[in-house]
Amino acid sequence: GDIVNLVPENTGAVKGNCTVVDDKNNILVLHPDALISGTTVSNGLGCLRRAILNERFKIPTNADNISPVMLVGTIVHSVFQSAVKLTSTVTRDSLLKLAKDAVSSRRYFSDMYVGLTMNTDSKTVLAQVESYIPQIESWIKEYKRDRPTTGVGSIDFQLPITAVPDHLKPARGSTVRYNASTLNENVWPRFGLKGKIDLTGKFRIKNNKTQAIEHSILPLELKTGKDSHSMEHHVQVVAIYTMFCNERRNKDGRPPDSLPAGLLLYLKNVKSSCVPLKRADQTGVLLLRNKIADYLAKTTIKKSTTSDSTFIPSNFPPTIDNTRSCQRCSQLRNCALMSLKAAIDQTSELMVLLSQIFEHLTDTDLAYFKHWATCTFLEEQETNKKEKQKRFWLKTANERMSEGKCITNLEIAGSSQPHSDLPDSMVQTFKRYVSDCGMGNTFQIGEMVLISGTEPNHIAMATGVVHAINQSFISITTDRCVPTFWLYFFIDRHVWLGGISVQSALSNLSILMSDNPQCNMATCPQSSLILCFKIVKIMTNFFLLFIFPPREPSFVKNLDFVPRSAKDEVGRMLRGLNRTQRQAIKRVLLSKDYTLVVGMPGSGKTTTIVAMIRILLLCGLRVLVTSYTHSAVDNLLIKLIKYKTKFLRLGRSGQVHPSVHPYTEEGLSLNMKTPRELLKLYDESRVVACTCLAVTSHAFFAIPSQNRPIFDVCIVDEASQIAQPACLAPLLHSRRFVLVGDHLQLPPLVVSQEARKMGADESLFRRLTSHKPALCELTLQYRMNKDIMELSNHVTYEGRLECAHPSVADSTVKLDNYESMKTLMTDDTKWLNRAIDPKISVLFLDTSQVSFVEKFNQGIHNTGEAKIISALTKWLIKAGCNASRIGIIAPFRKQLKAIEEKLNQIEGWCFIKEMFRIINTVDKYQGRDKSVILVSFVRSKEEALGEKLLNDWRRLNVAITRAKHKLVMVGCTRSLMEYDPCKKIIEYVRSKDLVHF
DNA sequence: ACTCTGCGTAGAGGA
């Protein structure tokens, strides 16, 4: 069942109906849609296991992201590329200027920041970069032949004859034309490989066999380190890049005698060589690639032999057991963790090495890792199944176009322009060659896209971000000039393939298992997986953290630590809050380790967090604010802005809410000249906000562990919706933390049933709710009137919800035209009358007698219910209810579509629905409310329904707690009685006579 | 076949 791609090379190898694939003929690519990077393959040359671990645990285990040496290498590359592009004569001074510009470029700010934390300042970096200038100068002087007539970006090089393979001699004496207009090109070929070429050029050469003059496009790979001429370099550079370059650029596939070769330049001693691509190299590389792709595609999970119910991934490459190389392997800890102790031969030398990794860990600690790693792998496996369908190159451009994921028939409109705000960025504009249908709605500004040429081999030439778009033009921000070899282009939405959630989950777990004192575990006498906390003294003399078994939270006795100067202000702020909110904040202030704040629906959770942040600041504490989604983080920040509280928002500005933009790193560092200023900004920010996943990847947190930024308090909003491994990251950077959420609302989304059975949807919040002293409940709510609240109290909250105010309890929907409209209603529309009547706050419209049966067509939907909902909506608007105050909820996406179709007749509906996000799934409605909520339950079937979405208490709870004044539910009670949560709702509304047939 | 968000990326060099 595995999918392969056959790359036909030699038609002679076809025998009858069969195509021969062997060491001499043709090439087979396994899982061709899994694109493996060139570095991963060359990594696999030394140790396959390490290559896989590198992919799985993307974030380096030693927490030092980029070493100063690497930084220098990166910058030298960019200086070299700029130097090649120079149209004026290259002088020592012009090169020095390039070096200076590169070192102070904003592009390397965050890397330079990491350097600073390791005592490497920009001066040191510049000095090292400058040491390469003479080499760059001599290389360019030797090979560059300026030809002003060829125009900008076209440069001729002369290469030494010895650099060219024997059978091919440069045409006309010794001159080889080298057109260096493409730098740092993306590589995504059909061999299932991806990568970036430093420099691509066009050769004009004479073939000694045929005497013909050929043009061949060759890649050049630059190395600034030692001229090791290692296997790795040859594999990465020559085999992979050459294979690709030849494939993509030299038309008609590969004429047998054209020049498949690549150039390798070691800049340190200016040694360049031309390495021809041999068939054996090519097949060798692809065999290795195929192995890696197979390991990555199938992380089969096996039941372990031990008694516990966890699984271990069985399809993992073996250890190489070479102590010399293993010793300094950056993946050593992860290698050990994936070996899970028992699997390694006890007598091997490697065992000694690995056992050191485990020394500080107990079996319980390891079981925790094993449990969550297993859940993560299971989840990945399930996601992979779906992701495969997303892989866009398996469909034609026109198919993608019709799905709104692609814009075809684009041509270049003018040359790349420098971006006005972003340094080092270019903007390339395209225009639609045919204008039969517009493209205005295809993409949004800020979205990531891929730019491709029209030839099948020219997929993903460059990546970029949508800068502007209208019906006929689209402009893309890229970090370099878009190659313009082709006439026509298409632009695709960037589909994300690598599971960042997998990588970050595994990395977080790995860090938790590290020897870092902040992550220390304690022995657990009880059964595993009960995460809890132990106070461990760490080097900063503060405390944390994770441990099993459950440890009760601890508190200080009083609030004496609040600075005298702040007391009045703190008191004033506390008085502005209600009873339960005040208690929660006091609890947080007194806490030594952790607090859980249960924010029930409409209880002013955001208000409380905002007040909490401001009070913590007044107490002189530094606060980290996170949540899983950007919108949740920004939701808090927007309120914080109103109080003029300063903060630093980390994260891609395209994802950040526009009103928070001035506070993003990009916004705040706009006029910065040196990385030192960035360091200052980081150091001085008392409130830092970002998503959980950003913590695992952002440079702010990436500095070496002993200097890792430690916050006094970390606040995690919507914590009940965050998967446990993802939630760990921010906590590892704080001394104590506050989780805010509601475990009676929706849990983290887990797609794998198996993982869910193992408890993968248990958030850290939920896990810790068993520690009652840590819990504070915000029970006073400002949203629902008493009838709606009572329903929720009955179904979920067991009477704990209270209205914060009598005005909340008694409020009803405002319908100015209701009375005049009532006269229009007949007996036939009695149900409508009852549903709209402002005095009735909760009503269940039972469809079981009219048999509105659900249908399945790319999703479950129910047209009958959709009709009812749209009729209700129209009448509500007529009765004087502003559309913005109406919310429509269904559990299934397809039903939303069905409802939308019915509502499209309303004038200006498209605009209104987008503007006020009226129609959405239950899951997406969490955290929001509307005056009137219409719920369509959809499910109605003759036979049994089975356990599905509606069987989750928490989803039902979310659905019924979104309405302030009016909640109308539409559904087939006969079918819904199958679900216990629905049954409870139906029994309640029946008992109160709130059902209409 | 329900529900769906988060990531810039691949390589930068060392042994």
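Residues numbered from 1 in each chain as written. Chains lettered and ligands numbered in written order. Predicted model: local features only at pLDDT ≥ 70, side-chain atom pairs only at ≥ 80, totals over all residues. Heavy atoms only, no water.

Peer 1: Got a minute to help me understand the environment of L48 in this structure?
Peer 2: If you trace the backbone, L48 turns up in helix α2 (residues 48-56). For the pair L48 and P317, spaced 269 residues apart in the sequence, the C-alpha separation amounts to 6.2 Å. (Helix = DSSP H or I, 4+ residues; strand = E, 2+ residues; numbered from the N terminus.)

Peer 1: Help me understand the packing of aromatic side chains in this model?
Peer 2: Where two aromatic rings form a pair, the distance of their centres and the angle of their planes describe that pair. Summed over the entire model, instances satisfying the criterion amount to 10 aromatic pairs. Taken together, a centroid distance of 6.1 Å and an interplanar angle of 25° make the contact between F700 and F711 stacked. Separated by 11 residues along the polypeptide, F700 in the loop between α22 (692-697) and β29 (711-716) and F711 in strand β29 bring together distant segments of the chain. The class of F700 is buried, set by a relative accessible area of 1%. Ring-pair connections join several aromatic residues into one group, and the members of that group are Y113, Y682, F700, F701 and F711. The positively charged end of R614 is found above the aromatic ring belonging to Y643, 3.9 Å away from the centroid. The aromatic ring of W875 is capped on one face by K878, whose charged end is 4.6 Å from the ring centroid. (Phe/Tyr/Trp six-rings, centres within 6.5 Å; stacked < 30°, edge-to-face > 60°. Buried < 20%, exposed > 50% of the residue type's maximum accessible area, 1.4 Å probe, protein only. Lys NZ or Arg CZ within 6 Å of the ring centre and 35° of its normal.)

Peer 1: Got a minute to help me understand the side chain of R49 in this structure?
Peer 2: Take R49: it is sitting in helix α2. Although R49 lies buried, it forms no salt bridge, and the closest oppositely charged side chain, D321, sits 7.5 Å away as judged by the N-O distance. At 2.6 Å, the side chain of R49 and the backbone oxygen of P317 are in polar contact. (Lys, Arg positive; Asp, Glu negative; His and termini not counted. Salt bridge = Lys/Arg side-chain N within 4 Å of Asp/Glu carboxyl O. Polar contact = N/O pair within 3.5 Å; in protein donor to acceptor, adjacent residues only side chain to side chain.)

Peer 1: For this particular structure, what's the right way to read the packing of helix α30 (residues 863-878) against helix α31 (residues 893-903)?
Peer 2: Helix packing for two helices is described by the angle between their axes and how far apart those axes are. Their axes nearest at 9 Å, the elements α30 and α31 cross at an angle of 50°. Relative to α31, the element α30 lies oblique. In this structure, the crossing between α30 and α31 has a hand that is right-handed. Of α31, the residues touching α30 (which contributes T863, E865, A866, K867, I869, S870, T873 and K874) are Q895, A898, I899, K902 and L903. By residue class, the composition of the contact of α30 with α31 is 5 nonpolar, 4 polar and 4 charged. (Axes fitted to C-alpha atoms, helices over the stretch in contact; angles between N-to-C directions. Parallel < 35°, antiparallel > 145°, perpendicular 65-115°, else oblique. Left-handed = near helix turned anticlockwise from the far one by under 90°. Contact = heavy atoms within 4.5 Å. Nonpolar A, V, L, I, M, F, W, Y, C, P; charged D, E, K, R; others polar.)

Peer 1: What exactly am I supposed to notice about unusual backbone geometry here?
Peer 2: Among all residues save glycine, negative phi is the norm, and among peptide bonds the norm is trans. You will see that E798, though not glycine, has its phi angle at about 50°, which is positive. Among the secondary structure elements, E798 is positioned in the loop between α26 (786-797) and β33 (802-803). Its relative accessible area of 67% is what places E798 among the exposed residues. Of note in this structure, D993 is not a glycine but carries a positive phi near 60°. Mapped onto the elements, D993 comes out in the loop between α36 (980-991) and β41 (995-996). On the basis of relative accessibility, which here comes to 55%, the residue D993 falls in the exposed class.

Peer 1: Would you explain helix α3 (residues 68-85) in this entry?
Peer 2: Residues lying three or four places apart along an α-helix face the same way, a consequence of the helix completing one turn every 3.6 residues. With 18 residues, α3 should cover 26 Å at 1.5 Å per step; its first-to-last C-alpha distance of 26 Å lies within 8% of that length. All buried positions along α3 are accounted for by L71, V72, G73, I75, V76, H77, S78, V79, F80, Q81, A83 and V84. (Expected span 1.5 Å × (residues − 1).)

Peer 1: How should the UniProt feature "domain: DNA2/NAM7 helicase helicase" (unreviewed entry) in chain A be read in this particular structure?
Peer 2: Residues annotated in UniProt with the feature "domain: DNA2/NAM7 helicase helicase" (unreviewed entry) correspond here to residues 577-666 and 680-753. Helix makes up 46% of residues 577-666 and strand 14%, and the two end C-alpha atoms of the span are 34 Å apart. (UniProt positions renumbered as here; feature names shortened; annotations may be inferred.)

Peer 1: Help me out: how do you make sense of the pattern of salt bridges in this one?
Peer 2: Between side chains of opposite charge, pairing is possible as soon as their charged atoms come close. By the definition in use, this model includes 24 salt bridges. Between R649 and D634 there is a salt bridge whose closest N-O contact spans 2.8 Å. Separated by 15 residues along the polypeptide, R649 in strand β27 (residues 648-649) and D634 in helix α19 (residues 630-642) bring together distant segments of the chain. Across the pair, D634 and R649 agree in class, each one buried. Across the pair R955 and D923 runs a salt bridge whose closest N-O atoms are separated by 3.0 Å. Placement of R955 in helix α34 (residues 953-960) and of D923 in helix α33 (residues 922-925) is noted, with a sequence separation of 32 residues between them. With a relative accessible area of 8%, R955 lands in the buried category. Judged by its relative accessible area of 29%, D923 is partly exposed. Three or more residues are tied together by salt bridges with common partners; here these are K605, D717 and E718.

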